[in-house]
Amino acid sequence: MGDDLSIVRSARVSYDASWRKTTTKTSGDAELIRYLKRNGHNTPFESVVFTFEIIAPIFVTRQWMRHRTQSYNEVSARYTELPNKFFVPELKDITYQSTYNKQMRTSEMNEFANEIREELINSYERSYASYEALLMLNCPREIARAILPTGIYTHFFTTMNLHNLFGFLYERLHKSAQHEIKVYAEAMLELITPQVPIAVEAFKEFQLRIET
Ligand SMILES: Cc1cc2nc3c(=O)[nH]c(=O)nc-3n(C[C@H](O)[C@H](O)[C@H](O)COP(=O)(O)OP(=O)(O)OC[C@H]3O[C@@H](n4cnc5c(N)ncnc54)[C@H](O)[C@@H]3O)c2cc1C
């Protein structure tokens, strides 16, 4: 819902400007959006709202749902069986535990990447076989799910305004964010750019800190 012009309209009500019918954006609009972002006047950005449909592993979703300013609806493993779909990393992403930062990993590929991936897949297969065995015993779904690992995919909708989306992207595009959530943040930034191109440019210039 909304676009760059919604931000401009919300901001201009401050001086009771007349409602703009035209959708053609002017250089004054761009300047105003840049001014708002530069100076932390955030509420006009709340007039734009996005909903994303996400399929992500539970370990990514746990990080995601720490962002309390988004509204979520997620598949229920009480209502339905979770499909046999698990996160399998690309070999290049299987690196080493960092020794200088306790929560991060290094960038060079692990010499045992193949074995690590095999172990993950074997473990997923064993877990899912146990899940199915429990369901065959008429175990309630809400109990059987306890055996599933956080690498299994879940499915949810998330809705947030642009101000809070920028807050999410600011944290999850940072180099200290886990790669597996960062790729979602990168995709979201790409998806919203055609809808709010001026706001995205201002976000990149004044809020985002991508350190190399
Ligand atoms: C790299 C990284 C590592 C992390 N590591 C850990 C970790 O080890 N352990 C851990 O538990 N979490 C960790 N987190 C999660 C982090 O602590 C935040 O919970 C998460 O990033 C959401 O941020 P937020 O609270 O600003 O976002 P939101 O919940 O979207 O809130 C946005 C802003 O709204 C305001 N707000 C929202 N709710 C309240 C409230 N109830 N009271 C007051 N103000 C509120 C705050 O100003 C907040 O900054 C990590 C996050 C990142 C990015």
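Refer to the structure printed above.
Below: a short report on this structure.

What counts as what
- Residues numbered from 1 in each chain as written.
- Predicted model: local features only at pLDDT ≥ 70, side-chain atom pairs only at ≥ 80, totals over all residues.
- Heavy atoms only, no water.
- Helix = DSSP H or I, 4+ residues; strand = E, 2+ residues; numbered from the N terminus.
- Buried < 20%, exposed > 50% of the residue type's maximum accessible area, 1.4 Å probe, protein only.
- Contact = heavy atoms within 4.5 Å.
- Areas by Shrake-Rupley, 256 points an atom, 1.4 Å probe, with all protein chains shown as cover.
- Lys, Arg positive; Asp, Glu negative; His and termini not counted.
- Charge placed at Lys NZ, Arg CZ, Asp CG, Glu CD.
- Core = buried A, V, L, I, M, F, W, Y, C linked by side-chain atoms within 4.5 Å.
- Near = heavy atom within 4 Å.
- Polar contact = N/O pair within 3.5 Å; in protein donor to acceptor, adjacent residues only side chain to side chain.
- Nonpolar A, V, L, I, M, F, W, Y, C, P; charged D, E, K, R; others polar.
- Pairing = 2+ DSSP bridges.
- Axes fitted to C-alpha atoms, helices over the stretch in contact; angles between N-to-C directions.
- Phe/Tyr/Trp six-rings, centres within 6.5 Å; stacked < 30°, edge-to-face > 60°.
- Lys NZ or Arg CZ within 6 Å of the ring centre and 35° of its normal.
- Salt bridge = Lys/Arg side-chain N within 4 Å of Asp/Glu carboxyl O.
- Patch = residues over 30% accessible without salt bridge, like charges linked within 9 Å, V, L, I, M, F, W, Y side chains within 5 Å.

Quick look at the overall build of the protein now. When helices and strands are counted, the protein shows eight helices and three strands. Burial analysis of the protein (212 residues in total) assigns 37% to the buried set. Here the analysis covers contacts within the protein between residues at least 6 apart in sequence; of these, 69% occur between residues at least 24 apart. By element, 51% of the accessible surface of the protein is carried by carbon and sulfur atoms, the whole surface being about 12900 Å². Charge centroids of the protein, computed over 25 positive and 26 negative side chains, lie 7 Å from each other.

Membership of the largest hydrophobic core comes to 49 residues, with the highest contact counts inside it found for Phe50, Trp64, Leu162, Leu165, Leu169 and Ile192. A total of six residues in this core trace back to one element, the largest contributor, which is helix 7 (residues 179-192). If we ignore the near neighbours within four places in the chain, the residues touching Leu169 are Ala185, Met188, Leu189, Ile192, Phe203 and Leu208.

Moving on: the site of the ligand. Near the ligand, the surroundings consist of Arg66, His67, Arg68, Thr69, Gln103, Glu171, Arg172 and Ser176. Measuring from an oxygen atom of the ligand, one finds a side-chain N or O atom of Arg66 at 2.6 Å. Within the contact set of the ligand, an oxygen atom lies 2.3 Å away from a side-chain nitrogen or oxygen of Glu171. Starting from 930 Å² of accessible surface for the ligand in isolation, the protein chains cover 45%. Across the shell around the ligand, the residue classes tally to no nonpolar, four polar and four charged.

This part is about the sheet that holds strand 3 (residues 153-161). Pairing is antiparallel across the open sheet formed by three strands, whose spatial order is 1-3-2. Both edges of this open sheet fall to strand 1 (49-57) and strand 2 (71-74), since each of them pairs with a single strand only. Within this sheet the neighbouring strands show an average axis-to-axis angle of 20 degrees, counted without direction. Alignment of strand 2 against strand 3, held across four bridges, turns out to be antiparallel. Considered in strand 3, the bridge of Tyr72 is made with Thr158. Its contacts with the sheet put helix 6 (residues 162-172) on strand 1 and strand 3, and the angle it makes with strand 3 is roughly 130 degrees. Packing against the sheet, helix 7 makes contact with strand 1 and strand 3, and its axis sits at approximately 150 degrees to strand 1.

Glancing now at the packing of aromatic side chains. Under the counting rule described, the total for this entry stands at 11 aromatic pairs. Residues Phe86 and Tyr124 carry aromatic rings whose centres are separated by 4.5 Å and whose planes lie at 15 degrees to one another, so their mutual orientation is stacked. In this pair, Phe86 is assigned in the loop between strand 2 and helix 4 (113-136) and Tyr124 in helix 4, connecting sequence segments 38 residues apart. No difference in accessibility class separates Phe86 from Tyr124, as the two residues are buried. An aromatic cluster is built from Trp64, Tyr72, Phe156, Phe168 and Tyr184, whose rings are joined through pairwise contacts. Here Lys37 stacks its cationic end above the ring of Phe45, 5.0 Å away from the centre of that ring.

On to the pattern of salt bridges. Counted according to the given criterion, the structure contains nine salt bridges. For Glu119, the salt bridge goes to Arg126, with nearest N and O atoms at 3.8 Å. For Lys204, the salt bridge goes to Glu201, with nearest N and O atoms at 4.0 Å. With Lys204 and Glu201 both in helix 8 (residues 197-206) and three residues apart, the pair spans about one turn of that helix. Residues joined in a network through salt bridges with shared partners are Glu31, Arg34 and Glu205.

Before going further, it helps to examine a negative patch on the surface. A cluster of like negative charges, contributed by Glu111, Glu115, Glu118 and Glu125, occupies part of the molecular surface. With respect to the element layout, Glu115 can be found in helix 4.

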